[in-house]
Amino acid sequence: TPMTDDMMSMQIKVSRIMVVAGTPFIMPIWILMIAGICWCLFSAVMGTELRFRHHLAIISHAYLIAAAGTILLVTMMLARGDVRSTLSLAALAPISVPMTSPVYLVLHAFDFFTLWWMTVAGVMVARAGRLPTWKPVVSLLGIYFTFAAIGIAFTLAMGKLAIKA
């Protein structure tokens, strides 16, 4: 069903509150989790001698790119008045592609700023850990694409369940 103006304004208000209230609490936890995953992956599996604090510093600095993307996205949402704005490949999709279609979901999974910060983080880990550049970059992007595929499959499955109900 299409969103009414009241629904849209309520969603914008809730989005503003979530960004302002949630970001200071959620982002540090998210960065700690990603740094922990990187520490386990690159220290235990690939044998770098980087400590957790090194991974935390790398992820914290690389994540500034994602923060810039979030600021840009929120600005776009407020300027357009449309909470469906995106910085992914889905922005290049024709308007005729429904947001629930597999094509749109795949395009939406490829967020420019996420791919950028993960690539930068991988290069930084490679340099600090004296690894070939491709290993950390491919590892991080592989993890990202795996979770994106799981998210897409889950969204499609939930959509099919909703249609049957």
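Placed above this text is the structure.
Cut-offs applied
Residues numbered from 1 in each chain as written. Predicted model: local features only at pLDDT ≥ 70, side-chain atom pairs only at ≥ 80, totals over all residues. Heavy atoms only, no water. Patch = residues over 30% accessible without salt bridge, like charges linked within 9 Å, V, L, I, M, F, W, Y side chains within 5 Å. Areas by Shrake-Rupley, 256 points an atom, 1.4 Å probe, with all protein chains shown as cover. Salt bridge = Lys/Arg side-chain N within 4 Å of Asp/Glu carboxyl O. Helix = DSSP H or I, 4+ residues; strand = E, 2+ residues; numbered from the N terminus. Axes fitted to C-alpha atoms, helices over the stretch in contact; angles between N-to-C directions. Parallel < 35°, antiparallel > 145°, perpendicular 65-115°, else oblique. Left-handed = near helix turned anticlockwise from the far one by under 90°. Contact = heavy atoms within 4.5 Å. Disulfide = S-S within 2.5 Å.

## Concerning a nonpolar patch on the surface
Right, so step 1: A grouping of Phe25, Ile26, Ile29, Trp30 and Met33 is seen on the molecular surface, where their side chains present a nonpolar patch of about 550 Å² in accessible area.
Right, so step 2: Positionally, Met33 belongs in helix H1 (residues 5–45).

## Observations regarding the packing of helix H2 (residues 52–80) against helix H4 (residues 112–129)
Right, so step 1: Between H2 and H4, the least distance of the axes is 9 Å, while the angle of their chain directions is 165°. Classified by the interaxial angle, the pair formed by H2 and H4 is roughly antiparallel. The crossing of H2 and H4 is right-handed. Contact with H2, carried on its side by His55, Ile58, Ile59, His61, Ala62, Tyr63, Ile65, Ala66, Ala68, Gly69 and Leu72, involves Phe113, Trp116, Trp117, Val120, Ala121, Met124, Val125 and Ala128 of H4 and no other residues of that element.

## A short note on the state of the cysteines
Right, so step 1: Applying the stated criterion across every chain, the model contains zero disulfides.
Right, so step 2: Just so you know, Cys38 is unpaired, no disulfide at all, and the nearest cysteine sulfur is the one on Cys40, 9.5 Å from it.

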